[in-house]
Every structure is written in structure tokens, then in C-alpha cells.
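Structural overview
Single-letter residue listing:
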Amino acid sequence: MLYFIGLGLGDAKDITVRGLEIVKQCDRVYLEHYTSILTCGKEELEILYGREVILADRDMVEQSADTILEGAKESDIAFLVVGDPFGATTHTDLVLRAREQGIPHRVVHNASIMNAIGCTGLQLYNFGETVSIPFWTENWKPDSFYDKIMKNRDSGQHTLCLLDIKVKEQSEENLIKGRKIFEPPRFMSTQQAAQQLLEIVVNKEQERGTGSVHLKPDSKVVCVARVGTETQKLLTCSLLTASQTDLGPPLHSLVIPGVLHDLEADALEMWKS
Ligand SMILES: C[S@@+](CC[C@H](N)C(=O)[O-])C[C@H]1O[C@@H](n2cnc3c(N)ncnc32)[C@H](O)[C@@H]1O
């Protein structure tokens, strides 16, 4: 059996009771560690589970999934995911590969940033399509996420912006030369995301003029950091202030509100500094 087990957003103890019971009896335990990060080290998990935890990077999950699935017909394998296994990043690919090989699977869900963002006071019902904001490079500055934010705003909906994570990335030079040398991990902050958005806002203003749904430097945004942990931070401010404010260590997400209901507007006041 292949078990997909969500670890939640807080610390090692956020795993559910059922998830923990299953992990403790699994023959192999993998931790997906390229789409999110834990607040604790893998050693802490190993002590809690009484099991060795094998780190599964993108290459292992996407190129060598058979390593993970090996023996799963006869034994129990756990695939741990920070947050929920099917929140934001879906691991459907692995599910399909397991099915192709006749390996059954079960899922133990947990909290995800996709629902925990409700801590801002914004109604989950009022969110539109979630977007991802990628790290820009000098020559690559994609901005299609801006149009999605505008589409949501057009219909009064809020937008949850998930921010880029780069783990085990090679520099262009090392990639070309085939050198397995990896850059230190990088996690986009709300400050960087807001800076990129501001750059788009300035460009779009020149292209399209200023409309009411368009973002402006003084548009309201909600910055969140380390949701679900002891050091969680929330900040309601302008896009400009967000671009100048450091919310500390990762992970961060940014919300661009659409039309605010009275209760939502009152709730956002709580996070003004
Ligand atoms: C691909 S999603 C990971 C989804 C994860 N499986 C889940 O269910 O929450 C990763 C992005 O979600 C956001 N994120 C995840 N956990 C977060 C947290 N605790 N606080 C703020 N943002 C978070 C960050 O923008 C991060 O780059």
C-alpha cells in the first residue's frame, strides 16, 4: 500500500493521529521536500516516528518514482507531504503510476495553505483561481499571473498568490556543463513578490491606463508568513508597503483581496501594523 500522508503546516506534531499510526508501521518513509518546507529537521520526525525518513527531491519523485514504489505491493510505503498531499501541488502523477503497477493507495489529509489562508478573515468561498508567482531573472520576467489576479478582481474575488521555491536548483552554467552542483535553497518573500507586482503595475499602467480593478501601489494586500506555526505573521498594508516590509523567514504567501464584505474588511483591520 502507498500512503500519502499530510503533515500539516505547524511542527512535527501536526501529523494526524491516524497518519502517525500508519507511518509508525510503514516499511519505508519518504518525505517530499521540494514544494514546501518543515519547521523542524528530518531528525525530529525520525525520533517521533521511530523510522528512518528518506528525503525525496523532485528528481526522485518525477524521474525515479519506481524507487519509491518498489515493493509497495507487498509492503507499506509512506509518502509524506508538508501541508496536504493534494493541496496546491497534487501528487496525482505518483497515484497514476502506482495504479498502473496495481499498487493500491490511501490518503491521510491535513491542513493546507489552501484552507489555512482563511486565518486572514477572508472567506474561502470568495477566492478565485490561485496563482503562483515565479522568481524573475534578468531576462525572464513572466507576468501572466497578473492577468489572473485581474480576472479574479473583475469578479470581486480574492487571489491567493503562492510564492516560488527553488530547492536543489543548478545555475545555468552548471546545468549546461552537466555539473551536479546545487544553489542554496531560495524561498520568495512577500516583499519580493510585491516588488515584482509593482514593476508589472507600472508597466501595465502605461499600456492600459488606470482602471478601478487594476492594482496600484496603494492597493490593499495581505501578507502572510509561516501560517500555522508559532511565529505566524499577518500584515494588511498597501502593495507599496509590502514591497518594503520584511516578514522574516519562509514560507510566505500574498493575498490580493477582491471585493470585501463588511466582516472581511473588519477582519483585515486586525492585521494592520
Ligand atoms: C506548492 S505550495 C505547497 C502546498 C502544500 N502541500 C500545502 O498543502 O500547503 C508551496 C507554497 O505555498 C505557500 N505556503 C505553504 N505553506 C505556507 C505557510 N505555512 N505559510 C505561508 N505560505 C505557505 C508558499 O507560498 C509556498 O511557496
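This one's a predicted model, so the numbers in the text were calculated from it and none came from an experiment.

1. Quick look at the overall build of the chain
- Within the chain one finds eleven helices and twelve strands.
- Taking the principal axes of the C-alpha coordinates as reference, the chain spans close to 60 × 50 × 35 Å.
- Taking all 273 residues of the chain together, the buried fraction comes to 45%.
- Residue pairs at least 24 apart in sequence account for 72% of intrachain contacts in the chain once pairs closer than 6 positions are excluded.

2. A few points about the site of the ligand
- The immediate surroundings of the ligand are formed by 19 residues, with Asp84, Ser112, Leu163, His252 and Ser253 found nearest.
- At 2.7 Å, a side-chain N or O of Ser112 approaches an oxygen atom of the ligand.
- Ile113 has a polar backbone atom sitting 2.9 Å from an oxygen atom of the ligand.
- Here the ligand, which alone exposes 570 Å², has 94% of that area covered by the protein.
- Secondary-structure elements contributing two or more residues to the shell around the ligand are strand 7 (159-163) and strand 12 (252-256).
- Split into classes, the residues belonging to the shell around the ligand amount to ten nonpolar, seven polar and two charged.
- Residue contributions to the shell around the ligand reach at least three from each of two domains, namely domain 1 (2-111) and domain 2 (114-269).

3. Here we look at the sheet that holds strand 1 (residues 2-6)
- Pairing is parallel across the open sheet formed by five strands, whose spatial order is 3-2-4-1-5. Edge positions in the sheet fall to strand 3 (53-56) and strand 5 (105-108), since each of these pairs with one other strand and no more. On average, each strand axis in the sheet is tilted by 25° relative to the strand beside it, whichever way the strands run.
- Judged from the four bridges that link them, strand 1 and strand 5 form a sheet pairing that is parallel. When the bridges of strand 5 are listed, Ile5 appears paired with Val108.
- Contacting strand 2 (28-32), strand 3 and strand 4 (77-81), helix 2 (residues 42-49) runs over the sheet at an angle of about 140° to strand 3.
- Taken strand by strand, helix 5 (residues 92-100) contacts strand 1, strand 4 and strand 5, and its axis lies near 165° from that of strand 1.

4. Structural notes on the pattern of salt bridges
- Under the counting rule described, the total for this entry stands at eleven salt bridges.
- Its salt-bridge partner being Lys42, residue Glu46 comes within 3.2 Å of it at the nearest N-O pair. Residue Glu46 and its partner Lys42 are both found in helix 2; the two are separated by four residues, about one turn of the helix.
- Judged by relative accessible area, Lys42 falls into the partly exposed class, the value being 25%.
- Between Arg97 and Asp93 there is a salt bridge whose closest N-O contact spans 3.7 Å.

5. Focus on the pairing of strand 7
- Across the five residues of strand 7, five count as buried, placing the element largely inside the fold.
- Burial along strand 7 is two-sided: Thr159, Cys161 and Leu163 and Leu160 and Leu162, pointing in opposite directions, are all buried.
- As paired strands, strand 6 (residues 131-133) and strand 7 are joined by three bridges and run parallel to one another. Residue pairing for strand 7: Val131 is matched across the bridge by Cys161.
- In this region the chain leaves strand 6, passes through helix 7 (residues 144-154) and returns to the parallel neighbour strand 7; the handedness of that crossover is right-handed.

6. A closer look at the domain arrangement of the chain
- What the domain assignment lists for the chain is domain 1 (2-111) and domain 2 (114-269).
- Once you take the C-alpha centre of each, domain 1 and domain 2 turn out to be 28 Å apart.
- In this assembly, 14 residues from domain 1 lie in contact with 14 residues from domain 2.
- Summed over both partners, the interface of domain 1 with domain 2 comes to about 920 Å²; 68% of that surface belongs to carbon and sulfur atoms.

7. Quick notes on the sheet that holds strand 7
- Strand order in the open sheet made by the five strands is 6-7-12-10-11, with mixed pairing throughout. The open sheet has two edge strands, strand 6 and strand 11 (233-238), and neither has a second partner. Taking each pair of neighbouring strands and ignoring which way they run, the sheet shows an average axis angle of 25°.

8. Considering the environment of Leu96
- Relative to the helices and strands, Leu96 resides in helix 5.
- Sequence spacing of Leu96 and Val29 is 67 residues, and the spatial spacing of their C-alpha atoms is 19 Å.

Procedures and definitions
Position numbers for residues start from 1 in each chain and track the written sequence from start to end. Local features are withheld for residues below a pLDDT of 70 in this predicted model, meaning they are given only at 70 or higher, and side-chain atom pairs are given and counted only at 80 or more; totals for whole chains, interfaces and linings count all residues. The basis for every side-chain value is the complete set of non-hydrogen atoms in the structure, without hydrogens or water. To qualify as a helix, a DSSP run of H or I must reach at least 4 residues; to qualify as a strand, a run of E must reach at least 2; elements of each kind are numbered from the N terminus. Burial classes follow relative accessibility: with a 1.4 Å probe on protein chains only, a residue under 20% of its type's maximum area counts as buried, one over 50% as exposed, and anything between as partly exposed. The contact rule is simple, with two residues in contact once any of their heavy atoms fall within 4.5 Å. We call a residue near a molecule or strand as soon as one heavy atom of that residue lies within 4 Å of the molecule or strand. Polar contact is defined as a pair of N or O atoms within 3.5 Å, subject to the rule that within protein one atom must be able to donate a hydrogen and the other to accept it, and that residues adjacent in sequence are counted only when both atoms are side-chain atoms. Residue-level accessible areas treat just the shown protein chains as cover; the underlying method is Shrake-Rupley with a 1.4 Å probe. Three categories are distinguished: nonpolar for Ala, Val, Leu, Ile, Met, Phe, Trp, Tyr, Cys and Pro, charged for Asp, Glu, Lys and Arg, and polar for the others, with Gly belonging to the last. Each domain span listed reflects an automatic or database assignment of domains. The criterion for strand pairing is that DSSP finds at least two bridges linking the strands in question. Fitting a line to C-alpha atoms yields each axis, with helices limited to the stretch in contact; the angle taken between N-to-C directions then spans 0 to 180 degrees. By definition, a salt bridge exists where a carboxyl oxygen of Asp or Glu is found within 4 Å of a side-chain nitrogen of Lys or Arg. Looking down the strands as they point away from you, a crossover is right-handed if its path from the first strand over the helix to the second goes clockwise. Put simply, buried area is how much 1.4 Å-probe accessible surface two parts lose in total, over both of them, once they are put together.

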